[in-house]
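An overview of the molecular structure
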Amino acid sequence: MNYSIFLDDERWPEHVTWIELPSTRWLVVRNYKEFKDNMRLRGMPKYITFDHDLQDFNKDGSENTGYTCLKWLVDYCMDHDMMLPVCFFHSMNPIGVKHMKSYYEDALRYQ
C-alpha cells in the first residue's frame, strides 16, 4: 500500500479543489483497463479517488465508468479476501457520486 490511484479521464489531482484529498503521491489512471492492470500489478493502493464519467467505451458501445471500476474493486477484494482501500469520489456527476458512495458504503458494511 505504498501508492494511491487517481482515476480520471482528463483531470489531474491538483485540479480537484471541491473535495479534500489526502496529501499523497497519486498514480493517475485514465480508464478501466489501466485501473485493473495497475491493481493487479502493484497490489492494493492506500487510497483511490474516482471520477465517474471516463469516456471509456467498449467495442459494443457500452461504457466503463468509475462505477464499473468500483464494482470491479469490490469483487476483487472479496475474491482475494482483502480489505477495501479508503475511497474518495471527486466526480462532478452528482448522480454518479451518489451511486458510487452508496455502493462503497454497502461494501464496507459486509467486510
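This report concerns the structure included in the present document. (Residues numbered from 1 in each chain as written. Predicted model: local features only at pLDDT ≥ 70, side-chain atom pairs only at ≥ 80, totals over all residues. Heavy atoms only, no water.)

**Things to note about the packing of aromatic side chains**
Here is the rule: To pair, rings of Phe, Tyr and Trp, with the six-membered ring standing in for Trp, must have centres within 6.5 Å; the planes then decide the type, stacked if under 30 degrees apart, edge-to-face if over 60, and tilted in the middle. A run of H or I in DSSP counts as a helix once it spans at least four residues, and a run of E counts as a strand once it spans at least two, with each numbered from the N terminus. Per-residue accessibility, obtained with a 1.4 Å probe over protein chains only, is compared with the maximum for each type, and a residue is labelled buried under 20%, exposed over 50%, and partly exposed between these values. Lysine NZ or arginine CZ positioned within 6 Å of the ring centre and within 35 degrees of the ring normal marks a charge as sitting over the ring.
Under the criterion given, the structure shown has nine aromatic pairs. When the ring of Trp-26 is compared with that of Tyr-47, the centres are 6.4 Å apart and the planes differ by 45°; the resulting orientation is tilted. Within this pair, whereas Trp-26 is found in strand β2 (residues 26–29), its partner Tyr-47 is found in strand β3 (residues 47–50), the two being separated by 21 residues in sequence. Here Trp-26 falls in the buried class, since its relative accessible area comes to 16%. With a centroid separation of 5.8 Å and an interplanar angle of 65°, the aromatic rings of Phe-89 and Tyr-104 are classed as edge-to-face. Within this pair, whereas Phe-89 is found in strand β6 (residues 86–89), its partner Tyr-104 is found in helix α3 (residues 94–109), the two being separated by 15 residues in sequence. For Tyr-104, a relative accessible area of 9% gives the class buried. The structure contains a cluster of three or more aromatic residues connected by ring pairs, namely Phe-35, Phe-50, Trp-72, Tyr-76, Phe-89 and Tyr-104. The lysine or arginine in question, Arg-30, covers the ring of Trp-12, its NZ or CZ lying 4.4 Å from the ring centre. The ring of Tyr-3 carries Arg-42 above its face, with NZ or CZ at 5.8 Å from the centroid.

**Some details on the packing of helix α2 (residues 66–79) against α3**
Basically, it comes down to this: The axes used here are C-alpha line fits, helices contributing only the stretch in contact, and every angle between their N-to-C directions lies in the interval 0 to 180 degrees. Comment on the angle field: the value is read as roughly parallel under 35 degrees, roughly antiparallel over 145, roughly perpendicular from 65 to 115, and oblique elsewhere. Contacts: residue pairs with any heavy atoms within 4.5 Å of one another. The residue classification treats Ala, Val, Leu, Ile, Met, Phe, Trp, Tyr, Cys and Pro as nonpolar and Asp, Glu, Lys and Arg as charged. All others, Gly included, are polar.
As a packed pair, α2 and α3 sit with axes 10 Å apart at the nearest point and diverge in direction by 5°. Between α2 and α3, the angle is such that the two are roughly parallel. Between α2, through Gly-66, Tyr-67, Leu-70, Lys-71 and Val-74, and α3, the contact on the second element is made entirely by His-99, Met-100, Tyr-103, Tyr-104 and Ala-107. Among the residues forming the contact of α2 with α3, the class breakdown is seven nonpolar, two polar and one charged.

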